[in-house]
Amino acid sequence: GALFAAAAGALFGMNALGLITASQVNGRLARRVNPRTILKTVLPATALAGLVLLASASTGTGGFPGILVPLFVYVASLGFILPNTTVLAMAPHGRMAGSASALLGTIQFLLGATAASLAGALGSGSAVPLALVIAVCAVGSFLIHQTVSREWES
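Residue numbering note: each chain is counted from 1, following its sequence as written. With pLDDT at 70 or above as the cut-off, local features in this predicted model cover only qualifying residues; side-chain atom pairs require 80 or more to be listed or tallied, and sums for whole chains, interfaces and linings still use all residues. To obtain the side-chain values, all non-hydrogen atoms of the structure were included, while hydrogens and water were left out.

## Some details on the overall build of the protein chain
Here's step 1: When helices and strands are tallied, the protein chain shows five helices and zero strands.
Here's step 2: For the purposes of this entry, the term helix denotes a DSSP run of H or I that reaches at least four residues, the term strand denotes a run of E that reaches at least two, and both are numbered from the N terminus. The helix and strand sequence of the protein chain, counted from the amino end, reads α-α-α-α-α.
Here's step 3: C-alpha atoms of the protein chain, sized along the principal axes, occupy 50 × 30 × 25 Å.
Here's step 4: Classification of the 154 residues of the protein chain by burial places 27% in the buried group.
Here's step 5: Taking contacts inside the protein chain between residues at least 6 apart in sequence as the whole, the part at least 24 apart equals 72%. Under the scheme applied here, a residue whose accessible area is under 20% of the maximum for its type counts as buried, over 50% as exposed, and between as partly exposed, the area being computed with a 1.4 Å probe on protein chains only. The contact rule is simple, with two residues in contact once any of their heavy atoms fall within 4.5 Å.

Right, here's the structure in full:
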């Protein structure tokens, strides 16, 4: 009981530290690197982490570390993805920044609630439902970015 709670807290803290560290690195990079370039680099790694997490959860390959490592990579990558996608989404809406920010926040919370509900509804007592939702979100984000970035380049 208490040992599990302490271990869960430590693992949660480790993921939080990864997210914070990535956010800090992103803040320094953002002064010199275009947000599109950062996303082009990070989103494939995020998609791969989601797929590795799903494969590990589905097959048991790698045991507990097989879940922890790709989950850490996925969570930490959000420190790069969230600020850069927000910058790109807000840039064209300077005059309506407040309304655009409110809409963006609402969409993020709705998608987060939907993903969490889906993982819960698929719950099987294993990591597979969570891994499936993460993999779909990660790969979906990568594919959407691929589509949008082609439009930016043309």
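## With respect to the nonpolar core
Here's step 1: Think of a nonpolar core as a cluster: buried Ala, Val, Leu, Ile, Met, Phe, Trp, Tyr and Cys residues, connected wherever their side-chain atoms sit within 4.5 Å. By size, the foremost hydrophobic cluster in this structure holds ten residues: A49, L53, A57, I67, L71, Y74, V75, A131, I134 and A138.
Here's step 2: For this core, the secondary-structure elements that each account for two or more residues are α2 (35–59), α3 (63–90) and α5 (128–153).
Here's step 3: The element contributing the most residues to this core is α3, with four residues.
Here's step 4: Leaving out residues up to four positions away in the same chain, A57 has contacts with I67, A127, V128 and A131.
Here's step 5: Of all hydrophobic cores here, the second largest spans eight residues; its members include A22, V42, L43 and F80.

## Some points on the environment of L71
Here's step 1: Locating L71 in the fold gives a position in helix α3.
Here's step 2: When its relative accessible area of 18% is taken as the criterion, L71 is described as buried.
Here's step 3: Note: C-alpha distance between L71 and N15 (56 residues apart in sequence) is 8.1 Å.
Here's step 4: In this structure, L71 is in contact with N15, L53 and I134, ignoring residues within four places of it in sequence.

## Some points on helix α1 (residues 2–29)
Here's step 1: When the terminal C-alpha atoms of α1 are compared, their 40 Å separation across 28 residues agrees well with the 40 Å that a helix rising 1.5 Å per residue should span.
Here's step 2: Every buried residue belonging to α1 is among N15, G18, A22 and N26, and all of these are buried.
Here's step 3: Of the surrounding elements, those touching the buried residues of α1 are α2 and α3. Multiplying 1.5 Å by the residue count of a helix minus one yields the expected span of that helix.

## A short note on a nonpolar patch on the surface
Here's step 1: Residues enter patches when their relative accessible area tops 30% and they take part in no salt bridge; the joining distance is 9 Å for like charges and 5 Å for the nonpolar side chains Val, Leu, Ile, Met, Phe, Trp and Tyr. Surface accessibility follows the Shrake-Rupley procedure with a 1.4 Å probe radius. Residue values consider only the protein chains on display as shielding. Salt bridges, as used here, are contacts in which a Lys or Arg side-chain nitrogen is within 4 Å of a carboxyl oxygen on Asp or Glu. Together, L118, L122, L132 and V136 make up a nonpolar patch on the protein surface, roughly 330 Å² of accessible area in all.
Here's step 2: Looking at the element boundaries, V136 is found in helix α5.

## Observations regarding the confidence of the model for the protein chain
Should the pLDDT be low somewhere, the predicted coordinates at that spot are not to be read in detail.
Here's step 1: Confidence per residue, as judged by the predictor, is encoded in pLDDT with a range of 0 to 100. Model confidence for the protein chain is summarised by a mean pLDDT of 91, while 97% of its residues fall at 70 or above.
Here's step 2: When the elements of the protein chain are averaged for pLDDT, helix α4 (residues 97–121) gives the smallest value, 89, and α2 the largest, 97.

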